[in-house]
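# Understanding the architecture of this molecule
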Amino acid sequence: IPRCLSDRKYSLRAEKVVLEMQDPKTGVKSQPQRLVITTIPHAITVKLLLVSLLSSEARNFGSMLVALGYIYPLQDHKRLVIKPDASLYRFQTPYFWPTQQWPVEDTDYAIYLAKRNIRKKGILELHEQEHYNRLHKWMNHKWDFIVMQAKEQYRAAKERKKPDRVVFECQERAYWVVHRPPPGTVSAMDYGLDRRIDPNTVEVTGESLLVKYCATYKNHDPFLLKCLPSNPWLTDDATYWTLNMPNVEIPTKMRVERWTFSFGELLSDPRGRNDFRLFLKKEFSGENLAFWESCEDLKWGTAATMREKAEQIYKTFLARGAPRWINIDGKTMEVTVKGLKHPHRYVLDAAQTHIYMLMKKDSYGRYMKSPVFKETTKKAICPEEHKFSDNQLEQNARNRRPSLSPIILRQMEEEQKAKMAANVDITQLCRFTTPVPHLAVYSGISDFPSATASPSLPFLAHTPACPSPISVALDSTSASERRVEASEGEGEGNPAARGPVGGNVSRSRMALSLRRLLKRGCTPSTMFASLSPKCHSAAGTSSRIQPISPNQPSQAPPRRIANFFQIKVDIPPECRIYPIESEDEEEENRAASRGGVGAKEIICPWESLTPQNGTG
Amino acid sequence: IPGPLCYSLLLLVVACYRHLASCVGGCTDSLQLRDELRQTREKAQKLAMAICQHLTLHLRDKSLPEEQRKEMELLWVAFSSSLELLHLDMCKVFNMSDIFSLANTDALVQTGLQGSEVAARALSLPDLNQTQSPTLPAGLESQERSTLEQEIGQIDHMIDDMEMKVNVLRWMVEPHGPQYADPLSSTDSASLAVFSVDEEQPGHQPLCQRNKFCAVLFLFAVVLVAGFISVSMVLFSGVCF
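Okay, so let's go over this structure. If you're wondering where the values come from, they're calculated on a predicted model, not measured in any experiment.

Thresholds, definitions, all that
Residues numbered from 1 in each chain as written. Chains lettered and ligands numbered in written order. Predicted model: local features only at pLDDT ≥ 70, side-chain atom pairs only at ≥ 80, totals over all residues. Heavy atoms only, no water. Helix = DSSP H or I, 4+ residues; strand = E, 2+ residues; numbered from the N terminus. Buried < 20%, exposed > 50% of the residue type's maximum accessible area, 1.4 Å probe, protein only. Areas by Shrake-Rupley, 256 points an atom, 1.4 Å probe, with all protein chains shown as cover. Contact = heavy atoms within 4.5 Å. Axes fitted to C-alpha atoms, helices over the stretch in contact; angles between N-to-C directions. Parallel < 35°, antiparallel > 145°, perpendicular 65-115°, else oblique. Left-handed = near helix turned anticlockwise from the far one by under 90°. Buried area = accessible area lost by both parts, 1.4 Å probe. Polar contact = N/O pair within 3.5 Å; in protein donor to acceptor, adjacent residues only side chain to side chain.

### Some remarks on the overall build of chain B
From N to C terminus, chain B includes six helices and zero strands. Order of helices (α) and strands (β) in chain B, N terminus to C terminus: α-α-α-α-α-α. Relative to its full complement of 241 residues, chain B shows a buried share of 46%. Element-wise, carbon and sulfur atoms account for 62% of the exposed surface of chain B, whose accessible area totals about 13000 Å².

What follows is the structure, encoded as structure tokens:
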């Protein structure tokens, strides 16, 4: 649920109710609070508050009022809960109400802490001390202002009568308990990491859309309907979160139902995405999702890695002869390639959107009808509702433990990513790929190892371009695809194959040495398992590998071998790099006429090149 | 120089405005409170205007010596922060006066306040060049509202203007002051000391340095006289006996 929707709705409703409570006749009855020095009016007890609210939802709603900060407790001020005994509360002044438009500034917090420091004569609580030091570091340039303004506010407060001063201090303190909660307490404001806006989500605007949206999601709103087994914010029992972890094996029924709402929902849920990925793998169109994910990675990644990532994505998905070539229309491709000359974070947006819409219109529908999805739906669980007694609730509250550190979570994510990358299945056929003699070979693990291929797999893994076994193995399959890529290495005198060999030579281009690029420091990503024995002489003879016949481009053969593995191979220095954009379909004809060059290399179009006529 | 002096006054006024703003919508909300808000606001704006002009003038002067420039930049950062604070408070008051109309006092939130004089401090400050405006309430709330809206726009404009005209690199500014506000000092820390006002003398004059000097001199004289008397007493008693 987009946060804004439920928040505003409930903020406004809360305000309305609080205002109604002020009515001297029908509102909440208040009593004076007796302190040692004075008496302050307008203290209310929850009992009277609940009497005033008069519903079974009262307790929950009352908790919400306190948690949001419309009412604050006078004793035990750090725990924003309602206690239906004689503990006293008071209404918060509207200035401190948590209305959405007013930002909660760190500057204000710094001033507040400085004031508190003055009042408490240097003794701040630990978390306050930490915040203070952190703010001092990050807002150092305005520190004079902060200190002086704190002093001024402190002095201005002294002008007030003592009871009013006490009230104001309590108000301010309560405000900051809501917005900067002490450790170990929950916060209704929920400022956590998940608050960031995902650019892929669609903002809901327009009345009918809103109505439709509400109707769709109303059963999934924990405010409107009980969430099963229980809402952890209310019962302090974290089963709900455990069951809904990002990569849990068996999802809950509600979660699976949400995947059916829209494609965006499916993708944004990691478990859903995994399921979808599995489905696509079976359909041999996994490259779309992989491309989309790499684009996301580019968009959200650090600036330092952007260039590399863009290059890698281009080489893997977009270039002609790429191992996981995606099918986007010519115009988008043109725009993207042009943009890649000066890569930036959003350079792949057009292509990503295209692929997203493709998946949404095409694969998503089929996924919904697929056996994968049906299986998942069948296995999904629906947990029983918890029924906790009051004592159990207190026990739960006492047993609250912090969750896994985000550092550990991140490590786990990275491990999982690496594991997935190692298992990547390059199954995309591209009629432009052709094996190249002396260059290394990309590989994935095939789903359907053919009889001849599998025994040679481990063999291949270690002596990549060993000619005969490979050519034999690959010859025997109808649509084998080879992609050759070189890695950095000193140029060795590999006897480069001259031109295409073998019977059905296709004039297609293929991925060639990236040596020049790699020398410039663009390291291949760990997306593909890289095994790197150096293959010397064997490389030369791999020219006998049969290239793909262009007559069988789009078959999705049941028996396929997609055996690519990346091996570092030395490339002769004569390997050329030709600018892709200066080539077009007609260039294929020239390939043969180049006198056996054969070795055209995929380069990123933004690299500047010296055109040479190279030998393979 | 009116600039630096104005700044500490501005801080004072902004602090008072915040205290007043925190009462809006509560049970102490009244025409008087709204009026005090208005006056405080106007005062703040006058001060802000003066400081803004002063700073902009100096910071655009390329021939300013380095040390002075650093001081000015420090003041600039502090001033823009105060402006932002004031702007935020004004926006809050604007929004709240929408919800809480004084016509319906039943809906005012019972916050436990009993009302006290917060504004006296801000409003009793000497005006720079103008006389105190009359304390009669402005009248219609809608008029007040549109004035407030206008003034918010003005402050907004001022902030934008400042950003446009003067390029101060905030992260290069280093404050002089301590990390913690010293609870025991009655005068402000050395940081913007030139710009600070002593709390005990609300009617502070630029001549306070002279006053201090006179006071020291006077004390010295008193000590001298006392010493003289005691010495002479000793001598005379010596003579007598």
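Right, picking up where we left off after that structure.
### Focus: the overall build of chain A
Tallying secondary structure elements over chain A gives 25 helices and six strands in all. Per-residue burial for chain A yields a buried fraction of 49% across its 616 residues. When contacts within chain A are restricted to residue pairs at least 6 apart in sequence, those whose partners lie at least 24 apart make up 75%. Summing over all exposed atoms, chain A offers an accessible surface of approximately 30000 Å²; the carbon and sulfur share of this is 57%.

### As for the packing of helix H4 (residues 106-119) of chain A against helix H5 (residues 126-138) of chain A
Residue and element names in this part refer to chain A. At a closest axis distance of 10 Å, the pairing of H4 and H5 adopts a crossing angle of 125°. Classified by the angle their axes make, H4 and H5 are oblique. By crossing handedness, the relation of H4 to H5 is classed as left-handed. Counting all contacts with H4, which are made through Asp-106, Tyr-109, Ala-110, Tyr-112, Leu-113, Ala-114 and Arg-116, the residues of H5 involved are Glu-128, His-131, Tyr-132 and Leu-135.

### Considering the interface of chain A and chain B
Of the residues lining the interface, 54 residues belong to chain A; the matching set on chain B comes to 63 residues. Approximately 5400 Å² of surface area, both sides summed, lies buried where chain A meets chain B, with 57% of it carried by carbon and sulfur atoms. In terms of surface lost to chain B, no three residues of chain A exceed A:Tyr95, A:Asp144 and A:Met148, which account for 15% of the buried area on that side. Linking chain A to chain B there are eleven residue pairs in polar contact (both at pLDDT 80 or more). Listing elements by their share of the side of chain A that touches chain B, those giving two or more residues are helix H1 (3-20), strand E2 (39-45), strand E4 (88-91), H4, H5, helix H6 (143-158) and helix H7 (162-179) of chain A. The element best represented in the side of chain A that touches chain B is H6(A), accounting for twelve residues.

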